[in-house]
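Structural description and commentary
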Amino acid sequence: AKPNDIIMAATDMTQERAIIARPARVPNMGIEEFVFSMDLVKITVKEDYKESFIYSLLKYSDFPHVVKQFANGANVLHLSPKVIDEFESLIPPEVIRNKFVDIVSPIHEAQDKLERKNDNLKKQRDLILPKLISGKISLN
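Residues numbered from 1 in each chain as written. Predicted model: local features only at pLDDT ≥ 70, side-chain atom pairs only at ≥ 80, totals over all residues. Heavy atoms only, no water.

**Digging into helix α1 (residues 51-60)**
- Most of α1 is tucked away: seven of the 10 residues are buried.
- Every buried residue belonging to α1 is among Ser52, Phe53, Ile54, Tyr55, Ser56, Leu57 and Leu58, and all of these are buried.
- The inward-facing, buried residues of α1 contact β1 (6-9), β3 (23-25), β4 (40-43), α2 (63-67) and α4 (94-134). (Buried < 20%, exposed > 50% of the residue type's maximum accessible area, 1.4 Å probe, protein only. Helix = DSSP H or I, 4+ residues; strand = E, 2+ residues; numbered from the N terminus. Contact = heavy atoms within 4.5 Å.)

**Comments concerning the nonpolar core**
- Among the nonpolar cores identified, the biggest contains 21 residues, and Met8, Ile43, Phe63, Val67, Leu79 and Ile84 are the most heavily contacted of them.
- Of all the secondary-structure elements, those providing two or more residues to this core are β1, β4, α1, α2 and α3 (81-85).
- Ranked by residues supplied to this core, first place goes to α1 with four residues.
- Those residues in contact with methionine 8 that sit more than four places away from it in its chain are Ala21, Arg22, Pro23, Asp39, Leu40, Val41, Ile43, Leu58, Phe63 and Ile84. (Core = buried A, V, L, I, M, F, W, Y, C linked by side-chain atoms within 4.5 Å.)

**So, the sheet that holds β3**
- Spatially, the three strands line up as an open sheet ordered β3-β1-β4, and their pairing is antiparallel. The sheet is open, and its two borders are formed by β3 and β4, each paired with just one other strand. The average angle at which neighbouring strand axes cross in this sheet is 35 degrees, direction not considered.
- Bridge analysis of β1 against β4 gives four bridges, and the strand direction is antiparallel. Note that in β4 the partner of alanine 9 across the bridge is leucine 40. (Pairing = 2+ DSSP bridges. Axes fitted to C-alpha atoms, helices over the stretch in contact; angles between N-to-C directions.)

**Quick word on α4**
- For α4, spanning 41 residues, the distance from its first C-alpha to its last is 59 Å, which sits close to the expected 60 Å at 1.5 Å a residue.
- For α4, the complete set of buried residues consists of Arg97, Val101, Val104, His108 and Asp112.
- Residues of α4 that are buried sit in contact with β3 and α1.
- Note on α4: the residue one or two positions beyond its end, glycine 135, has a positive phi of about 90 degrees. (Expected span 1.5 Å × (residues − 1).)

**Concerning the packing of aromatic side chains**
- Throughout the structure, instances matching the rule amount to three aromatic pairs.
- With a centroid separation of 6.4 Å and an interplanar angle of 15 degrees, the aromatic rings of tyrosine 49 and phenylalanine 53 are classed as stacked.
- The exposure class assigned to phenylalanine 53 is buried, which follows from its relative accessible area of 8%.
- Plain terms: the ring middles of phenylalanine 53 and phenylalanine 100 are 6.0 Å apart, the flat faces sit at 85 degrees to each other, and that makes the pair edge-to-face. Of this pair, phenylalanine 53 sits in helix α1 while phenylalanine 100 sits in helix α4; the two residues are 47 residues apart in sequence, bridging distant segments of the chain.
- Members of the aromatic cluster, connected to one another through ring pairs, are Tyr49, Phe53 and Phe100. (Phe/Tyr/Trp six-rings, centres within 6.5 Å; stacked < 30°, edge-to-face > 60°.)

Here it is in structure tokens:
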């Protein structure tokens, strides 16, 4: 998977169907490619659509609630990618989709930037905290 790709859980160990059919957007964390397990599927977006539009459609529509009902299995629920592909939804005209993308894409970019900054702060915390606890560094 690459940044901005859409991935989705295709298996779920909870009988409540808590994670299955829930889309996630791969963040831009400065890593070019990610490896994901067979428990996930990558949603491929057709050329005339943008990832940010499809991600938002899948995340904020009734998609997860409708599709997760088709998952089956005794101990581990499995969702066939065919069911995901067969989901139907109303799609606005291209002009409206493009306006939506123009608004949402900068928000996704800002999320990724904040996530990278937060990751950097976590690394700094993990480096300095042991030194503070051991007394090697003083706050005075």
